[in-house]
Amino acid sequence: MKIGTFDVWPPVVLAPMAGITNIGFRTLCREQGGGLFVSEMITSRALVERVPLTFHMIRFGEHETPRSVQLYGVDPVIIGRAARMIYEEDLADHIDLNFGCPVPKVTRRGGGSALPYKRNLLRAILREAVAGAGPLPVTMKMRKGIDEDHLTYLDAGRIAAEEGVAAIALHARTARQHYGGAADWDAITRLKEAVPEIPVLGNGDIWSADDALRMVERTGCDGVVVGRGCLGRPWLFRDLALAFDGSAERTRPGLGEVADMMFRHAELLCEVIGDEPHGLADFRKHVGWYLKGFTIGADTRRALTAVTALAELRDRLGELDRGLPWPGGVADGPRGKSGERAKVVLPHGWLDDPEDMTVPGAEAEDPTSGG
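Residues numbered from 1 in each chain as written. Predicted model: local features only at pLDDT ≥ 70, side-chain atom pairs only at ≥ 80, totals over all residues. Heavy atoms only, no water.

J.: Before we go on, may I ask you to explain helix α1 (residues 23-32) in this structure?
T.: Since one α-helical turn is 3.6 residues long, residues separated by three or four positions face the same way. Summarising burial for α1: 7 of the 10 residues are buried, a large majority. Residues Ile-23, Gly-24, Phe-25, Arg-26, Leu-28, Cys-29 and Gln-32 constitute the buried set of α1. Buried residues belonging to α1 abut β3 (12-14), β4 (36-43), α10 (236-244), α11 (255-273) and α12 (276-291). (Buried < 20%, exposed > 50% of the residue type's maximum accessible area, 1.4 Å probe, protein only. Helix = DSSP H or I, 4+ residues; strand = E, 2+ residues; numbered from the N terminus. Contact = heavy atoms within 4.5 Å.)

J.: Would you explain the pattern of salt bridges in this entry?
T.: Side-chain pairs of opposite charge can arise where the charged atoms are in close proximity. Applying the stated criterion across every chain yields a total of 28 salt bridges. Across the pair Glu-148 and Lys-144 runs a salt bridge whose closest N-O atoms are separated by 3.1 Å. Taking the shortest distance from any N to any O, the salt bridge between Asp-205 and Arg-173 comes out at 2.6 Å. In this pair, Asp-205 sits in the loop between β9 (200-203) and α9 (209-219) while Arg-173 sits in the loop between β8 (167-171) and α8 (185-194), placing the two residues 32 residues apart along the sequence. In this structure Arg-173 comes out as buried when scored by relative accessible area, which is 1%. One network of salt bridges, in which partners are shared, links Arg-123, Arg-127, Glu-162 and Glu-163. (Salt bridge = Lys/Arg side-chain N within 4 Å of Asp/Glu carboxyl O.)

J.: What should I look at first to understand the pairing of strand β5 (residues 68-72) in this one?
T.: Consecutive side chains of a regular strand alternate in pointing toward one face of the sheet and then the other. Buried residues dominate β5, accounting for 5 of its 5 residues. The side-chain alternation of β5 yields two buried faces, one formed by Ser-68, Gln-70 and Tyr-72 and the other by Val-69 and Leu-71. Of the strand pairs in this sheet, β4 and β5 are connected by 4 bridges, and their pairing is parallel. Looking at the pairing, Thr-43 lines up with Tyr-72 of β5. Here 4 bridges tie β5 to strand β6 (residues 94-99), and the two strands are oriented parallel to one another. Bridging across to β6, Gln-70 finds its partner in Asp-96. (Pairing = 2+ DSSP bridges.)

J.: I tried to follow the side chain of Glu-40 on my own but got confused; where do I start?
T.: Tracing the backbone shows Glu-40 in strand β4. No salt bridge is formed by the buried Glu-40; the nearest opposite charge belongs to Arg-26, separated by 6.0 Å. Within the structure, Glu-40 has its side chain in polar contact with the backbone nitrogen of Gly-19 (distance 2.6 Å). If near-sequence neighbours (up to four positions away) are discounted, Glu-40 is found in contact with Pro-16, Met-17, Ala-18, Gly-19, Ile-20, Thr-21, Asn-22, Met-57 and Gln-70. (Lys, Arg positive; Asp, Glu negative; His and termini not counted. Polar contact = N/O pair within 3.5 Å; in protein donor to acceptor, adjacent residues only side chain to side chain.)

J.: Where do I start with the packing of helix α4 (residues 76-88) against helix α6 (residues 119-133) in this structure?
T.: If you want to describe how two helices pack, look at the angle between their axes and the distance between the axes. Interhelical geometry of α4 versus α6 gives an angle of 20 degrees and a closest axis separation of 7 Å. Relative to α6, the element α4 is oriented roughly parallel. In this structure, α4 crosses over α6, and the sense of that crossing is right-handed. For the pair formed by α4 and α6, the contact residues are Pro-76, Ile-79, Gly-80, Ala-83, Arg-84 and Tyr-87 on the first element and Leu-121, Ala-124, Ile-125, Glu-128, Ala-129, Gly-132 and Ala-133 on the second. (Axes fitted to C-alpha atoms, helices over the stretch in contact; angles between N-to-C directions. Parallel < 35°, antiparallel > 145°, perpendicular 65-115°, else oblique. Left-handed = near helix turned anticlockwise from the far one by under 90°.)

J.: Explanation requested: the environment of Val-69 in the structure shown.
T.: Tracing the backbone shows Val-69 in strand β5. With relative accessibility at 1%, the residue Val-69 sits in the buried group. As for Val-69 and Ile-95, which are separated by 26 residues in sequence, their C-alpha atoms are 5.3 Å apart. Those residues in contact with Val-69, other than ones at most four positions away along the chain, are Val-38, Ser-39, Ile-42, Ile-58, Phe-60, Ile-86, Ala-92, His-94, Ile-95 and Asp-96.

J.: Even after reading the chapter, I still don't get unusual backbone geometry, so can you show me in this structure?
T.: Each neighbour pair has its own omega, and for Trp-9 with Pro-10 the value is -5 degrees, a cis peptide bond. Mapped onto the fold, Pro-10 is located in the loop between β2 (6-7) and β3. Of the consecutive residues Thr-65 and Pro-66, the connecting peptide bond is found in the cis state with omega at -10 degrees. Structurally, the position occupied by Pro-66 is in the loop between α3 (52-57) and β5. With phi around 55 degrees, His-178 is a residue other than glycine that occupies positive phi space. Relative to the helices and strands, His-178 resides in the loop between β8 and α8. One non-glycine residue with positive phi stands out, namely Asp-205, at about 65 degrees.

J.: Is there a simple way to think about the sheet that holds strand β10 (residues 223-226) in this case?
T.: Sheets are built from strands paired through backbone hydrogen bonds, the pairs being either parallel or antiparallel. Ordered by their spatial adjacency, 8 strands build a closed barrel running β3-β4-β5-β6-β7-β8-β9-β10, and the pairing between neighbours is parallel. Taking the axes of each pair of neighbouring strands and ignoring which way they run, one obtains an average angle of 25 degrees across the sheet. The sheet strands contacting α8 are β7 (138-143), β8 and β9, and the helix crosses β9 at an angle near 170 degrees. Sitting on the sheet, α10 is in contact with β3, β4 and β10, with an inclination near 170 degrees to β3.

Structure below.
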């Protein structure tokens, strides 16, 4: 799969996830297998205004290539300036634009998965981003639409192709679905048929390498985007590399191997953050994902989330029964966010005119948030 001038093999992308896909987690996943690994989402305005937190979030490892950053924004001018800044200051090698985020903090301001409803505004943003990025490839990630009554993905895909976007990733859910229900893989098929001239990547309900193969076979997409499927399962990238190379081998780690992976993850986070207590505090959310399916007492899980030093974590992990085999069943299923929304929070009157070019105010790109 080609993204601009980059050959991506296996054709796998790590989805940007807030609070997850920092340097430590990206490094861990890269150690398992290849692909394209995208940073956490940052706001274009915060980048242009040089907010320190934003620059901290887009750091890359010494050997991390290509360097991929995801931008969120609603203003064509600001997005264009941010893209030009990334190119001219050599901050990254690839820019991904976020039109898929479904959280109220983003959609209530007209961003994320709400924005493609405004077709002309979307086109203006893409045009400015592609122009500003120069030779850097610009891609976009989106959802099917706001809800089933306001689907936007086919129009958005055609606009993207016309404006020079290098590839499109579709999370085959609406914003209203959030992370609930089943992903509509047939929508990925329809998008690929609508824009055969550029790569289309499918996203949604990929919990295993075999899910990825099924998605490609069923939809004809050029590659896959993995988000929640790798939470507590970074070895999924090893399986994906094997699967796309035609191997039937799959990883089924026992608790001992999982414990070793947990320690490596925590070690990387402490190194990136530069402080063991804070690094281990950041690691806490990963503990439940790693241990899902294993028969482990609640006291042991609590103890693992309470450690403040790597030596203490090593001791606690050493108390686990390393001989426990991979449990299968529930361990292979969904992790992370789930459930649908009652409604999508949108700016007042947002659905009145899909052709409206009014740019949401600066508050839609809070420079203190860093994304």
